[in-house]
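# Structure assessment
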Amino acid sequence: MTSFTGLAASLAVLLIGSAGPDYAAGAGQPPAFVEFETPLANAQPLQGYLRLPDGPGPSPAVVLLHGCSGFFKQLDERWGRLLAAWGYVTLTVDRFGPRGITSACTSGPPAATVHDAYRALSFLARQSSVDPARVAVVGFSQGAELALFSVERGAIERNATEKFRAAAAFYPPCLSIKGDMTVPTLIMVGELDDWTPARECRSLAEGRDDYGISRRKDTGYPIKLIVYPGAYHDFDVPHFSTPAQMLGHHLEFNAAARDQSVDALRKFLYSTIGGQERPQ
């Protein structure tokens with residue numbers, strides 16, 4: 001049962017979010033912890049970390065979606081902080097905590113999470129600090145799959161009131177994606193990734209399925225694919241500076257791939273949703 005104190009706090013956050021004040025910290029400050037909805041509106045209100053860039057708004061924004069192991073706080077530290085420094089409002093979603101999920105690595109994304117990106121977008125669209133016409137979604141591994149689900153042509157995208165303007169996916173399982181994208185899309189994957197193989201993403205980007213059958217090439221936005229030589233799954237995660245195994249898959253940090261992906265993402269976001277300064 002939800003306590004009166006907890007309910008009152010949730011309602012306060014809902015009212016704050018609906019009014020849309022700039023209550024997150026600046027780019028150099030700790031993020032603000034937010035709940036997207038009150039328990040009165042949703043039995044499993046989402047939560048996450050919100051960061052604001054320095055300088056006047058409204059600004060473009062990015063929704064960040066974590067992978068199958070969770071760790072949204074670490075994702076915010078790696079990417080939320082960086083994107084806020086580039087001039088973006090960032091919202092790093094905790095898909096698991098409110099649902100009592102600790103991991104979803106032995107199955108696909110939990111069905112309840114497939115609309116989470118749009119729930120985050122709806123929250124951001126109410127913030128006075130955000131330009132709702134310039135919001136992108138960026139996901140990692142399973143979160144990358146959800147990011148791509150959110151912008152490929154289908155029921156999820158069609159039924160959403162607000163729309164994303166771009167999507168970027170770090171090492172997604174590309175085999176599950178049909179490829180008819182409604183916005184500019186960037187996919188980045190390691191050449192040696194044995195969990196979400198680069199070959200499946202090549203087929204997706206080239207308009208073929210895994211059996212070599214061509215898709216129609218005159219529908220949807222083209223997918224830009226970058227494959228990083230010598231890189232494995234989780235190439236952007238410094239925690240794996242010492243390589244590790246998970247469920248039989250190799251995880252390893254690759255500084256060169258991480259640095260190149262930082263540059264690629266910055267240029268992609270600037271070209272699709274703009275930013276405070278032009279990347280060199």
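Provided above is the structure to which this section pertains.
Keep in mind it's a predicted model, so treat the numbers as computed, not measured.

## Considerations on unusual backbone geometry
- Going from Gly57 to Pro58, the amide bond is cis rather than trans, its omega being 0 degrees.
- Positive phi, normally seen in glycine, also occurs at Tyr171, with a value near 40 degrees.
- Assignment of secondary structure puts Tyr171 in the loop between β6 (166–170) and β7 (185–190).
- The buried category is assigned to Tyr171, whose relative accessible area is 1%.
- Not every positive phi belongs to a glycine, and Asp234 is a case in point at roughly 65 degrees.
- Counting through the fold element by element, Asp234 comes out in the loop between β8 (223–228) and β9 (244–246).
- Given the relative accessible area of 15%, Asp234 is considered buried.

## Observations regarding the layout of surface pockets
- Reported here for the largest pocket is a volume of approximately 440 Å³.
- As for the largest pocket, its lining consists of 21 residues, and the residues nearest its centre are Phe71, Arg78, Asp234, Val237 and Phe240.
- A total of 3 residues in the lining of the largest pocket trace back to one element, the largest contributor, which is helix α2 (residues 72–86).
- Split into classes, the residues belonging to the lining of the largest pocket amount to 11 nonpolar, 8 polar and 2 charged.

## Notes on the nonpolar core
- Counting residues in each nonpolar core, the largest one holds 73 residues, and the members touching the most others are Leu124, Leu265 and Leu269.
- A per-element tally of this core places helix α7 (residues 255–273) first, with 7 residues.
- If near-sequence neighbours (up to four positions away) are discounted, Leu265 is found in contact with Trp79, Leu83, Trp86, Val138, Ala168, Phe170, Leu186 and Met188.

## Digging into the pattern of salt bridges
- A full pass over the atoms with the stated rule returns 11 salt bridges.
- Residue Asp236 pairs with Arg78 through a salt bridge whose shortest N-O separation is 3.2 Å. Of this pair, Asp236 sits in the loop between β8 and β9 while Arg78 sits in helix α2, and the two are 158 residues apart along the sequence.
- Here the salt bridges do not stand alone but share partners, grouping Arg51, Asp76, Glu77 and Arg81 into one network.

Scoring rules and cut-offs
Residues numbered from 1 in each chain as written. Predicted model: local features only at pLDDT ≥ 70, side-chain atom pairs only at ≥ 80, totals over all residues. Heavy atoms only, no water. Helix = DSSP H or I, 4+ residues; strand = E, 2+ residues; numbered from the N terminus. Buried < 20%, exposed > 50% of the residue type's maximum accessible area, 1.4 Å probe, protein only. 1 Å grid on protein atoms, 1.4 Å probe; cavity = no way out; pocket = protein on both sides within 12 Å on 5 of 7 lines; lining within 4 Å. Points joined across faces, edges and corners; volume = space filled by probe spheres on them. Nonpolar A, V, L, I, M, F, W, Y, C, P; charged D, E, K, R; others polar. Core = buried A, V, L, I, M, F, W, Y, C linked by side-chain atoms within 4.5 Å. Contact = heavy atoms within 4.5 Å. Salt bridge = Lys/Arg side-chain N within 4 Å of Asp/Glu carboxyl O.

As far as function goes, none of this settles anything; it's purely spatial.
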